[in-house]
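# Per-entry structural report
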Amino acid sequence: MNDDLLLRLIQAVEALGRRAPTLHPPEGEARAWRYRGRPARFEPVQRLSPLRLEDLREIDAQRERFARNLAQFAQGRSFNHVLLSGARGTGKSSLVKAGLNAWPALHLVEIDRNDLADLPEVLDALAQRPERFVVFCDDLSFEAGDAGYKSLKSALDGTVSAASERVLLIATSNRRHLMPEHFRDNLEARGRGPDGEIHPGETVEEKVSLSERFGLWISFYPFSQDEYWAIARQWLIAMGVPEGRLEALRQPALVWALERGSRSGRVAYQFARDVAGQTA
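### Focus: unusual backbone geometry
Each neighbour pair has its own omega, and for Arg-38 with Pro-39 the value is -5°, a cis peptide bond. By the secondary structure assignment, Pro-39 is in the loop between strand S1 (32–36) and strand S2 (41–44). You can see Arg-38 is positioned in the loop between S1 and S2. Judged by its relative accessible area of 67%, Arg-38 is exposed. Positive phi, normally seen in glycine, also occurs at Glu-58, with a value near 65°. As for its position among the elements, Glu-58 is in the loop between S2 and helix H2 (60–74). On the accessibility criterion, Glu-58 (29% relative accessible area) is partly exposed.

Spelled out as structure tokens, the structure:
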């Protein structure tokens, strides 16, 4: 390929970039949207989860901290962006759904981790609406070199423009530091890596710097046997299983969790659905 043809190709690509349509803000009366990239658009969510904050059991401390920060945001007071991290199935995503129901004036945009490179455009589009928005990314984690990493990092704290007071960023993750951490990071820090960096500690600092930009960290832990049963019992009652049957269902609920290898709220909910279906 000669230089003249290469130059024309570069100019054509740049021209296409300049003609890229601006992302329009979400339209309509919906309270929640999903952002979809390629083509970039906001899709309204037709049905919201009916979960309420009081439905969430055995995470009282986490619920209280989350609800307080969300109330500050909804009422126009100072707030922090939130990272919900820890054991799977313990109520991280459910807190966000229930929080949206607690404050009907709030709106939500859910964005997939693979679309986070578009986050600056999403925030610019939301700035054109007067409402307060929660931007929610579920099950967030990054691999080295992910394009969305720097976009989220800048949106949280790292640009010359002031952060919007009408957007609250919330992410859930099973990883507290969002990035994979390797044994080689520690080996290189001790000078054992043959091809390691001269300043390996800076690499480790880079990996944890993103999570530190979330002002509020809320951690979730695996449930004990009694906590798991309390959650399952609550769901059984909510689904119409007669209370006289509940004590006999405790052992099957524990066996169900053992077979799944997890005593989580999600597993308790699935057990209750199974029993309720048989009861009906």
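### Description of the nonpolar core
Phe-66, Val-134, Ile-170, Tyr-228 and Leu-236 are the most contacted members of the largest nonpolar core, which totals 44 residues. Counting residues in each nonpolar core, the second largest holds 24 residues, with Leu-23, Val-135, Val-167 and Phe-214 among its members.

### Structural notes on the confidence of the model for the chain
Summing up the model confidence of the chain, the mean pLDDT is 83 and the portion of residues at 70 or higher is 75%. The weakest mean pLDDT in the chain belongs to helix H6 (residues 183–189) at 48; the strongest belongs to H2 at 97. Here residues 199–204 is a poorly scored stretch, pLDDT under 50, and it has 4 contacts once near neighbours within four places are set aside; other chains count.

### A look at the layout of surface pockets
A volume near 680 Å³ is recorded for the largest pocket. Where the lining of the largest pocket is concerned, the elements lending two or more residues are helix H3 (92–102), strand S6 (167–173), helix H8 (225–238) and helix H10 (265–279). Taken together, the residues of the lining of the largest pocket break down into 9 nonpolar, 11 polar and 8 charged.

### A few points about empty space enclosed by the protein
Under the criterion given, the structure shown has 2 cavities of 30 Å³ or more. The calculated volume of the largest cavity comes to roughly 80 Å³. Considering the residues around the largest cavity, the lining is formed by Ile-111, Leu-116, Leu-119, Val-135, Phe-136, Cys-137, Leu-140, Leu-152, Leu-169, Ile-170, Ala-171 and Phe-214. Elements that contribute at least two residues to the lining of the largest cavity include exactly strand S5 (133–137) and S6. Across the lining of the largest cavity, the residue classes break down as 12 nonpolar, no polar and no charged. Along its surface, the second largest cavity is lined by Phe-66, Leu-70, Val-96, Gly-99, Leu-100, Leu-106, Leu-108, Val-134 and Ile-170. Elements with a minimum of two residues in the lining of the second largest cavity: H2 and H3. Tallying contributions element by element places H3 first for the lining of the second largest cavity, with 3 residues. Of the residues contributing to the lining of the second largest cavity, the split by class is 8 nonpolar, 1 polar and no charged.

### A look at the pairing of strand S7 (residues 216–220)
On a regular strand, each side chain points to the face opposite its neighbour's, so the side chains alternate between the two faces of the sheet. Residue alternation in S7 divides its side chains into a buried set, Leu-216, Ile-218 and Phe-220, and an unburied set, Trp-217 and Ser-219. Relative to S7, strand S3 (residues 82–86) is paired through 5 bridges, and the arrangement is parallel. Residue pairing across strands places Leu-84 opposite Ile-218, the latter belonging to S7.

Conventions used here
- Residues numbered from 1 in each chain as written.
- Predicted model: local features only at pLDDT ≥ 70, side-chain atom pairs only at ≥ 80, totals over all residues.
- Heavy atoms only, no water.
- Helix = DSSP H or I, 4+ residues; strand = E, 2+ residues; numbered from the N terminus.
- Buried < 20%, exposed > 50% of the residue type's maximum accessible area, 1.4 Å probe, protein only.
- Core = buried A, V, L, I, M, F, W, Y, C linked by side-chain atoms within 4.5 Å.
- pLDDT = per-residue confidence, 0-100.
- Contact = heavy atoms within 4.5 Å.
- 1 Å grid on protein atoms, 1.4 Å probe; cavity = no way out; pocket = protein on both sides within 12 Å on 5 of 7 lines; lining within 4 Å.
- Points joined across faces, edges and corners; volume = space filled by probe spheres on them.
- Nonpolar A, V, L, I, M, F, W, Y, C, P; charged D, E, K, R; others polar.
- Pairing = 2+ DSSP bridges.

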